[in-house]
Amino acid sequence: EFSGPVSVRGELSNCRIAASGHFYFTLKDAESQIDGVMWKSSASKLGFAPRNGLEVVVRGTIGTYAPRSS
């Protein structure tokens, strides 16, 4: 089990803001990818517009969504 904050650098892809206001994305590099979500409360505070192809450093915690094993 893992706990605590992590930082991951990668390229944004599959960016979309849901009707709920949550921001869904994939963060990828040349070898791997990970799906992510930023809740509405945090997404509304971003100082930039996220878009596909933008290189970012994402800081947060890792969790899973058990119904989909992701």
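Predicted, not measured: the structure shown is a model, and the values here were computed from it. Every chain is numbered independently, its residues counted from 1 as its sequence is written. Only residues with pLDDT of at least 70 are given local features in this predicted model, and only at 80 or more are side-chain atom pairs given and counted; all residues enter the totals for whole chains, interfaces and linings. Each side-chain value is worked out from all heavy atoms of the structure, with water and hydrogens disregarded.

### Things to note about the pattern of salt bridges
- Salt-bridge detection follows one rule: a side-chain nitrogen of Lys or Arg within 4 Å of a carboxyl oxygen of Asp or Glu. In total, this model carries one salt bridge according to the counting rule given.
- In this structure, Arg 9 engages Glu 55 in a salt bridge whose closest nitrogen and oxygen atoms are separated by 3.9 Å. Of the two residues, Arg 9 sits in strand β1 (residues 6-17) while Glu 55 sits in strand β4 (residues 55-60), which places them 46 residues apart along the sequence. For the residue pair Arg 9 and Glu 55, the accessibility class agrees, reading exposed in each case. Starting at the N terminus, helices and strands are each numbered in turn, a helix being any DSSP run of H or I of at least four residues and a strand any DSSP run of E of at least two. Think of it in three bands: with a 1.4 Å probe and only protein chains considered, a residue is buried below 20% of the maximum accessible area for its type, exposed above 50%, and partly exposed in between.

### Here's the deal with the environment of Arg 16
- Its location among the elements puts Arg 16 in strand β1.
- Taking the relative accessible area as the measure of exposure, Arg 16 reaches 47% and is therefore partly exposed.
- Residues Arg 16 and Asn 52, spaced 36 residues apart in sequence, show a C-alpha to C-alpha distance of 9.3 Å.
- What Arg 16 contacts, discounting residues up to four positions off in sequence, is His 22, Phe 23 and Tyr 24. What makes two residues a contact is simply this: any of their non-hydrogen atoms within 4.5 Å.

### So, the environment of Ile 17
- Of note, Ile 17 is situated in strand β1.
- Remark: the alpha-carbon pair of Ile 17 and Lys 40, spanning 23 residues in sequence, is separated by 9.0 Å.
- Excluding its chain neighbours within four sequence positions, the residues that come into contact with Ile 17 are His 22 and Phe 23.

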